[in-house]
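Survey of secondary and tertiary structure
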Amino acid sequence: MRVDIKEKLYSGKPALRDIRVNFPRGKATLIIGTSGAGKSTLIKCMIGTTSYEGTVTEYNREEIAYIPQHPALNVRETAQEAIYWSALFSRLYSKDALAAEVDRYIHTMGLQSVRDNEIRRLSGGQQQRVSIAKELIRGKNIIIADEIDTGLDCGVSRDLVSKLCSITRKENKTTIIISHNIVNIELYDRVVVLVKSSSKCGGIAYAGSPKQIRSFFEVDDYVDILTRVNAADEGGRGEADYFIRKFASYRERQGKK
Ligand SMILES: Nc1ncnc2c1ncn2[C@@H]1O[C@H](COP(=O)(O)OP(=O)(O)OP(=O)(O)O)[C@@H](O)[C@H]1O
Ligand SMILES: [Mg+2]
């Protein structure tokens with residue numbers, strides 16, 4: 001999926017500018033960055049629920065599974081029923097194959113011990129896993145998830161992200177996850193850092209492998225990436241503009257190689 005957003009305006013004011021990113025198949029990408037930088041807005045442009053100037057190409061709309069932070073689940077269904085109905089409505093499976101597929105996704109998402117529990121009795125992390133299983137079983141190839149691991153403990157969040165990353169690689173999907181949990185950064189194949197410029201517009205400060213990211217931001221600790229780019233009134237060092245420029249010239253040099 002290739003994104004080339006020249007500009008996204010909200011009430012005449014730019015919210016995103018010059019967002020050029022490729023989200024490759026078989027790779028899981030983390031989108032991280034300053035609160036209010038435009039991460040959710042970028043996703044809305046990609047799934048086509050808001051207007052913008054530019055293009056999003058190399059995908060089919062029907063391929064996209066969008067997982068919001070607070071999924072709308074029927075809380076009186078059991079975990080297994082929710083996944084079963086999603087599979088049935090997808091019409092992808094024959095009557096005979098259905099039960100085995102539901103079983104496979106329950107195992108993939110580690111829901112065996114709670115499969116017969118009503119969703120209202122599941123923890124936040126378990127509910128998230130049900131909602132991911134519901135999307136995966138529909139056979140979608142592009143998974144876009146906005147803050148699915150917010151509010152989960154570090155262990156649960158790491159487990160959820162590892163599961164999604166391994167499914168992505170094994171099944172050649174395109175996965176894009178917005179998250180504030182930078183501690184999981186090494187699990188992903190690619191990272192996009194979205195920051196808010198001094199003119200309050202979202203821009204890209206980095207897009208590439210997590211391996212080079214610390215040297216790009218000149219930090220030892222991943223957490224300090226956000227410290228450097230966040231504005232002073234957010235407790236940061238206010239260097240977003242510097243890194244937007246640095247990334248633009250880094251990309252230009254890469255393009256010339
Ligand atoms: N519907 C809207 N109308 C006007 N402005 C909006 C709208 N939605 C978002 N914005 C503004 O656009 C900017 C980006 O918002 P967005 O929700 O995309 O940020 P975000 O990076 O997802 O932040 P967070 O990490 O807090 O979720 C913010 O300044 C926000 O106030
Ligand atoms: Mg958001």
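Above this text sits the structure in question.
Bear in mind that the values here come from a model prediction, so they are computed numbers and not experimental data.

**Quick notes on the packing of helix α4 (residues 124–136) against helix α5 (residues 154–170)**
Interhelical geometry of α4 versus α5 gives an angle of 10° and a closest axis separation of 11 Å. Classed by the angle they form, the pair α4 and α5 counts as roughly parallel. Contacts between α4 and α5 involve Gly-125, Gln-128, Arg-129, Ile-132 and Leu-136 from the first element and Val-156, Leu-160, Leu-164 and Ile-167 from the second.

**A look at α4**
Here α4 is 13 residues long and its end C-alpha atoms lie 18 Å apart, about the 18 Å a rise of 1.5 Å per residue gives. Most of α4 sits inside the fold, with eleven of its 13 residues counted as buried. For α4, the complete set of buried residues consists of Gln-126, Gln-127, Gln-128, Arg-129, Val-130, Ser-131, Ile-132, Ala-133, Lys-134, Glu-135 and Leu-136. In this fold, the buried residues of α4 make contact with β5 (64–67), α2 (79–90), α3 (95–108), β6 (142–146) and α5.

**As for helix α1 (residues 39–47)**
One full turn of an α-helix is made of 3.6 residues, so residues set three or four places apart face in the same direction. Within the span of α1, buried status applies to Lys-39, Thr-41, Leu-42, Cys-45 and Met-46. For α1, the angular spread of the buried residues around the axis is 160°, confining them to a single face. At the exit of α1 stands Gly-48, carrying a positive phi of roughly 80°.

**Let's talk about unusual backbone geometry**
Despite not being glycine, Asp-18 shows a phi value in the positive range, around 50°. Counting through the fold element by element, Asp-18 comes out in strand β2 (residues 13–22). A count of 15 C-beta atoms within 10 Å places Asp-18 in the partly exposed class. We note that Glu-218 has phi near 55°; this positive angle belongs to a residue other than glycine. By the secondary structure assignment, Glu-218 is in the loop between α6 (213–217) and α7 (223–229).

What counts, and at which threshold
Residues numbered from 1 in each chain as written. Chains lettered and ligands numbered in written order. Predicted model: local features only at pLDDT ≥ 70, side-chain atom pairs only at ≥ 80, totals over all residues. Axes fitted to C-alpha atoms, helices over the stretch in contact; angles between N-to-C directions. Helix = DSSP H or I, 4+ residues; strand = E, 2+ residues; numbered from the N terminus. Parallel < 35°, antiparallel > 145°, perpendicular 65-115°, else oblique. Contact = placed C-beta atoms within 7 Å. Expected span 1.5 Å × (residues − 1). Buried ≥ 20, exposed ≤ 12 C-beta atoms within 10 Å, placed from the backbone. Arc of directions from axis to C-beta.

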